Amino acid sequence: RSVALRKMFSETHLGPENFILPVFIHEDSEEKVPITSMPGVFRQPWKTGLVEMVEEARALGINNIILFPKVPDHLKTNLAEEAYNPDGIVHRSIRLLKEKFPDVVIYTDIALDPYSSVGHDGVVD
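Student: Any chance you could break down the pattern of salt bridges for me, citing the residues and the numbers?
Tutor: Applying the stated rule across the entire model yields four salt bridges. For R58, the salt bridge identified is with D103, shortest N-O distance 2.9 Å. Here R58 is found in helix α2 (residues 49-59), whereas its partner D103 is found in the loop between α3 (89-100) and β5 (105-108), with 45 residues between them in sequence. As a salt-bridge pair, D87 and R95 come within 3.5 Å of each other at their nearest N and O atoms.

Student: Which residues make up the sheet that holds strand β3 (residues 42-45), and what are the values?
Tutor: Taken in spatial order, the five strands of this open sheet run β2-β3-β1-β4-β5, and their pairing is mixed. Unpaired on one side and paired on the other, β2 (33-34) and β5 mark the two borders of the sheet. As defined by bridge partners, strand β1 (residues 21-26) adjoins β3 across three bridges and the pair is classed as parallel. By the bridge assignment, H26 is partnered in β3 with P45. Along the sheet face, α3 touches β1, β4 (64-69) and β5 and points at about 155° away from the line of β4.

Conventions adopted
- Residues numbered from 1 in each chain as written.
- Predicted model: local features only at pLDDT ≥ 70, side-chain atom pairs only at ≥ 80, totals over all residues.
- Heavy atoms only, no water.
- Salt bridge = Lys/Arg side-chain N within 4 Å of Asp/Glu carboxyl O.
- Helix = DSSP H or I, 4+ residues; strand = E, 2+ residues; numbered from the N terminus.
- Pairing = 2+ DSSP bridges.
- Contact = heavy atoms within 4.5 Å.
- Axes fitted to C-alpha atoms, helices over the stretch in contact; angles between N-to-C directions.

Okay, structure coming up:
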């Protein structure tokens, strides 16, 4: 029932090394674009804004990121082929980040909705 006892027996420590920074990326321009459904959150240009965000996060001790792409409509298909295009925005972003920050941990969203012409997380017949 005291701060000293709570500190002594606490089992959980949460620090920057435990956080994963979500980064929303696009390739439509070199400008960050506001996401209207998430006030204060922006899609970052994959070459510049992405690198800046990761640099800032690493300075705070956060070395884990997850990428969420905005895929241009003309690249979306029912089979979501752009998801496994080795030159797609996520693949290029991973290569760029690993070149600049070899030890960064990168997660990707495996849902297909950003790549799907019908907007589903999987392939729809």
